[in-house]
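Descriptive analysis of the structure
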Amino acid sequence: MLVWPAPAKLNLFLHVTGRRPDGYHLLQTVFQFLDVGDELAFETTDDARIVRATALATVPEDRDLTVRAARLLQAHTGIRRGARIHLTKRLPLGGGLGGGSSDAATTLMALNRLWGTGLATVELARLGLQLGADVPVFVHGHAAWAEGVGELLTPIDPVETAYVVLNPPVSVSTAEVFADSELTRHTPPITIRAFREGRGHNDLEPVVRRLHPEVGEALDWLRERGPARLTGSGGCVFLPVVDAVSGERILAEAVSRWTGFVARGINRHPMTTSDWPQER
C-alpha cells in the first residue's frame, strides 16, 4: 500500500481577538508544520463502506476524524467506493500538535486522488473546515498566518528552525479551554510584521496552566532554556533551538520527567513534494 504523511503543526503564537455571535472564537495565529507526524494508508474498496483497520482506544470509530473525513468526501461527491483506513499514530492526542486535523486533511487529499473525485484544493479545504478549524491549513499545504476561526490563511515562510517539543502526560480538551470563563477573548489584533519582530504569545496558556499544572511545569522548565511556548491549546510545549544537536541535549535532560522529540519546522506539507506517497 501507499503511505501518506500527516505532519504535526505548531502554533508559533495564538491570540483570541473576539467571539462571533454563534460562539466561535476569532483568532490570530501562525501555523508551521513539523517534519514528524502520523502516517496513513488506504485500501480502496467497491462496497462503499468506510472503516478503520486500526483502532484508537479512546476514540470511537464514528468520532474518528479520518473516518468522518472519508465519509464527508464520499457524501459530497456521491462516490460509491469505500476504504479501509490504516493509521500509524505517533502524535499524542490532546497535544496541540494538530494530529487529528492533519489525519483528516491527509485522508481528504489521499482519497480525492485514489477515488478520482477530482476536487480542487479550495473545495477540499472548504470540506475540511466542517471537520475542524485547523484542517484547511493542512489541505492548502503551506505555513500560514491565520485569522477568522483559523480558516482565513495567508501563506508565510517563518524560519525553518529546529524545535524541542515536550509532551506532558495529559490530554487537553480544546473545547474545555475555549469554554473557560477566564479565557482572554479581546487581545488586540497584530500584524504579520509585528509577529516577525517578535510580538505574540498564547492566550490559552493561563487557562491550560490552571487546568493542567503539569503543562505549566514543563513550560517553566523549558523557559529556563529559552523562549518556550504552548502550542494550540496544549498540552505540548516547544522551544526553538539553533540546531538538532542542541535540541537533543535539552531533550536528554528532560526525558526523566517528560516524553518529547526534536523536529524541524517546515513550511511545505510533505505531500507537496515528489517523495510522497511512499510504498511500504
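Note that the coordinates shown come from a computational prediction; the quantities given were computed from them, not determined experimentally.

Now for empty space enclosed by the protein. By the definition in use, this model includes one cavity of 30 Å³ or more. Of the volumes computed, that of the largest cavity is approximately 30 Å³. Residues belonging to the lining of the largest cavity are distributed by class as follows: three nonpolar, two polar and two charged.

Space inside the largest pocket adds up to approximately 1500 Å³. Lining the largest pocket are 48 residues; nearest its centre among them are L65, S101, G132, D134 and T174. Residue assignment for the lining of the largest pocket shows that the elements contributing at least two residues are β1 (2–19), β2 (25–45), α1 (65–77), α2 (99–114) and α5 (174–179). In terms of residue class, the lining of the largest pocket is built from 19 nonpolar, 21 polar and eight charged. By volume, the second largest pocket is sized at about 390 Å³. Taken together, 15 residues form the lining of the second largest pocket, with L12, Y163, F195, R229 and P240 sitting closest to its centre. Across the lining of the second largest pocket, the residue classes break down as nine nonpolar, two polar and four charged.

So, on to the pattern of salt bridges. On inspection of all chains with the given rule, the structure shows 19 salt bridges. Across the pair R209 and E205 runs a salt bridge, and its minimum N-O distance is 2.8 Å. Of the two residues, R209 and E205 both sit in helix α7 (residues 205–211), four residues apart, roughly one turn of that helix. Taking relative accessible area as the criterion, E205 reaches 14% and is therefore assigned buried. The residue R223 makes a salt bridge to E205 at a minimum N-O spacing of 2.8 Å. In this pair, R223 is assigned in helix α8 (residues 213–223) and E205 in helix α7, connecting sequence segments 18 residues apart. Judged by relative accessible area, R223 falls into the partly exposed class, the value being 33%. Among the charged side chains, a salt-bridge network with shared partners connects E205, R209, D220 and R223.

With that out of the way, let us pick up unusual backbone geometry. Of note, the bond from G234 into G235 is cis; its omega dihedral lies within 30 degrees of zero at 5°. Mapped onto the elements, G235 comes out in the loop between β8 (229–230) and β9 (237–241). In this model, A48 sits at a positive phi of 70°, which is unusual for a non-glycine residue. Within the secondary structure layout, A48 lies in the loop between β2 and β3 (50–52).

A separate point is the pairing of strand β6 (residues 152–155). Regular strands show a simple pattern: their side chains alternate between the two faces of the sheet. Judged from the four bridges that link them, strand β5 (residues 144–147) and β6 form a sheet pairing that is antiparallel. Following the sheet pairing, W145 is matched in β6 by T154. Hairpin geometry of β5 and β6 is characterised by an intervening segment of four residues between the two adjacent antiparallel strands and by a positive phi of about 70° at G148.

Ranked by internal contacts, the top residues of the largest apolar core, which has 39 residues, are L73, W115 and L131. When residues of this core are traced back to their parent elements, those giving at least two are β1, β2, α1, β4 (82–88), α2, α3 (121–129), α4 (135–140) and β5. Setting aside residues up to four positions removed in sequence, L131 forms contacts with L65, R68, A69, L72, A104 and L108. By size, the runner-up hydrophobic cluster in this structure holds 29 residues, among which are L27, V172, A218 and W221.

The next point concerns the environment of H212. With respect to the helices and strands, the residue H212 is situated in the loop between α7 and α8. Separated by 41 residues in sequence, H212 and S171 place their C-alpha atoms 9.1 Å apart. Sequence-distant contacts of H212, defined by excluding residues within four places in its chain, comprise V170, S171 and V172.

Before going further, it helps to spend a moment on α8. What α8 keeps buried is the set V215, G216, A218, L219, W221 and L222. Buried-residue contacts for α8 involve β7 (162–167), α7, β8, β9 and α9 (244–254).

Positionally, E39 belongs in strand β2. Residue contacts for E39: discarding those within four places in its chain leaves V3, W4, H86, L87, T88, R90, W276 and R280.

This brings us to the environment of L131. Residue placement: L131 occurs in the loop between α3 and α4. Residues L131 and T77, 54 residues apart in the sequence, show an inter-C-alpha distance of 16 Å.

The next point concerns α9. Among the residues of α9, S246, G247, I250, L251 and A254 are the ones counted as buried. Relative to the axis of α9, the buried residues are bounded by an arc of 135° and lie together on one face. Along α9, the residues that are exposed and aim more than 90 degrees away from the buried face are V245, R249 and A252. Residues of α9 that are buried in the fold lie against β7, α8, β9 and β10 (259–266). One side-chain oxygen at the N-terminal end of α9 lies 3.3 Å from the backbone nitrogen of V245; it belongs to D243.

The rules we used
Residues numbered from 1 in each chain as written. Predicted model: local features only at pLDDT ≥ 70, side-chain atom pairs only at ≥ 80, totals over all residues. Heavy atoms only, no water. 1 Å grid on protein atoms, 1.4 Å probe; cavity = no way out; pocket = protein on both sides within 12 Å on 5 of 7 lines; lining within 4 Å. Points joined across faces, edges and corners; volume = space filled by probe spheres on them. Nonpolar A, V, L, I, M, F, W, Y, C, P; charged D, E, K, R; others polar. Helix = DSSP H or I, 4+ residues; strand = E, 2+ residues; numbered from the N terminus. Salt bridge = Lys/Arg side-chain N within 4 Å of Asp/Glu carboxyl O. Buried < 20%, exposed > 50% of the residue type's maximum accessible area, 1.4 Å probe, protein only. Pairing = 2+ DSSP bridges. Core = buried A, V, L, I, M, F, W, Y, C linked by side-chain atoms within 4.5 Å. Contact = heavy atoms within 4.5 Å. Arc of directions from axis to C-beta. Polar contact = N/O pair within 3.5 Å; in protein donor to acceptor, adjacent residues only side chain to side chain.

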